[in-house]
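# Analysis of the macromolecular model
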Amino acid sequence: MIKTNADGERTGYRLKLDTGEFEPNNRPIPEILGATSTSEISSLNEEEFVWTTEEIRGELRGDGPVFALYETIDAMYEQKEREGRKAFTPEERALIRSIRRRTFRMWEEEAARRAAGEPPTIIVRPKF
């Protein structure tokens, strides 16, 4: 993810797969900005970015309300599988999209709380 600060400077962030948090990482910015249609780098619109980020974070396990929402999505996938369906209904897909937007917002709020020195409310357990 690349953000532009108030001074117009670009800052890159990379999703840490073991914590679900974004960390500063400017290394790939030139590569990303120079990407072409034939490169291995692709851009996502905001909805695709949120969906993909939360799909990855949904693999994490831990404590906090965000994980109950991931379990809801997991249960929906399991039900679809049990019923032998290949696709979600439009209503189910809308619900998953809504939950993923909510969990994304929860992580953003968590990052702001931690930056303000508050204790964490999302605790990721290591995968062992």
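Preceding this paragraph is the structure being described.
All of the points below concern the structure found in this document. All figures in this text were calculated on a predicted structure; none of them were measured in a lab. Residue indices follow the written sequence of each chain, beginning from 1 at its first position. Local features are withheld for residues below a pLDDT of 70 in this predicted model, meaning they are given only at 70 or higher, and side-chain atom pairs are given and counted only at 80 or more; totals for whole chains, interfaces and linings count all residues. Side-chain figures throughout are based on the complete set of non-hydrogen atoms in the structure, without hydrogens or water.

### Digging into helix α2 (residues 46-57)
In plain terms, the rule: The numbering of helices and of strands both runs from the N terminus, where a helix is a DSSP run of H or I of at least 4 residues and a strand a run of E of at least 2. By definition here, a helix of n residues has an expected span of 1.5 Å times n minus one. A 1.4 Å probe rolled over the protein chains alone gives each residue an accessible area, and that area as a share of the maximum for its type sets the label: buried under 20%, exposed over 50%, partly exposed in between. Polar contacts, as used here, are pairs of N or O atoms within 3.5 Å; protein pairs need one atom able to donate a hydrogen and one able to accept it. Residues neighboring in sequence count only if both atoms are side-chain atoms.
With 12 residues, α2 extends 16 Å between its outermost C-alpha atoms, agreeing within 8% with the 16 Å of an ideal straight helix rising 1.5 Å per residue. Of all the residues in α2, the buried ones are Val50, Trp51, Thr53, Glu54 and Arg57. Put simply, Asn45 is the residue that caps the front of α2, since its side-chain oxygen is 3.1 Å from the backbone nitrogen of Glu47.

### Description of the packing of helix α3 (residues 65-82) against helix α4 (residues 90-115)
Applied cut-off: Here an angle of 0 to 180 degrees is reported between the N-to-C directions of two axes, which are lines fitted to C-alpha atoms, with helices fitted over the stretch in contact. Any angle that is under 35 degrees is reported as roughly parallel, and any over 145 degrees as roughly antiparallel; angles of 65 to 115 degrees are reported as roughly perpendicular and all others as oblique. Two helices cross in a left-handed way if the nearer one is turned anticlockwise from the farther one by less than a right angle. They cross in a right-handed way if the turn is clockwise. Only heavy atoms matter for contacts: two residues are in contact if any of them lie within 4.5 Å across the pair. Amino acids are sorted into nonpolar (Ala, Val, Leu, Ile, Met, Phe, Trp, Tyr, Cys and Pro), charged (Asp, Glu, Lys and Arg) and polar (every other residue, Gly among them).
Where α3 contacts α4, the two axes come as close as 10 Å, and the packing angle between them is 160°. As far as their axial angle goes, α4 and α3 are roughly antiparallel. Two packed elements cross with a definite hand, and for α3 against α4 that hand is left-handed. Across the interface between the two elements, Pro65, Val66, Leu69, Tyr70, Thr72, Ile73, Met76 and Tyr77 from α3 touch Glu92, Leu95, Ile96, Ile99, Arg100, Arg102, Thr103, Met106 and Trp107 from α4. When grouped by side-chain class, the residues that make up the contact of α3 with α4 number 12 nonpolar, 2 polar and 3 charged.

### A short note on the nonpolar core
For clarity, the cut-off: Think of a nonpolar core as a cluster: buried Ala, Val, Leu, Ile, Met, Phe, Trp, Tyr and Cys residues, connected wherever their side-chain atoms sit within 4.5 Å.
Counting residues in hydrophobic clusters, the biggest one holds 14 residues, and the most contacted among them are Val66, Phe67, Tyr70, Ile96, Trp107 and Ile122. Sorting the residues of this core by element identifies α3 and α4 as the ones contributing at least two each. In terms of residue count, the dominant contributor to this core is α3 (6 residues). Apart from residues lying up to four places away in sequence, Tyr70 is in contact with Glu54, Arg57, Gly58, Thr103 and Trp107.

### Here we look at α3
In a regular helix each residue adds 1.5 Å, so 18 residues correspond to 26 Å; α3 covers 26 Å between its end C-alpha atoms and thus fits that length. Those residues of α3 hidden inside the fold are in contact with α2, β4 (61-63), α4 and β5 (123-125). Positive phi shows up at Gly84, right after α3, with a value of about 70°.

By themselves, these figures tell us nothing about what the structure is for.
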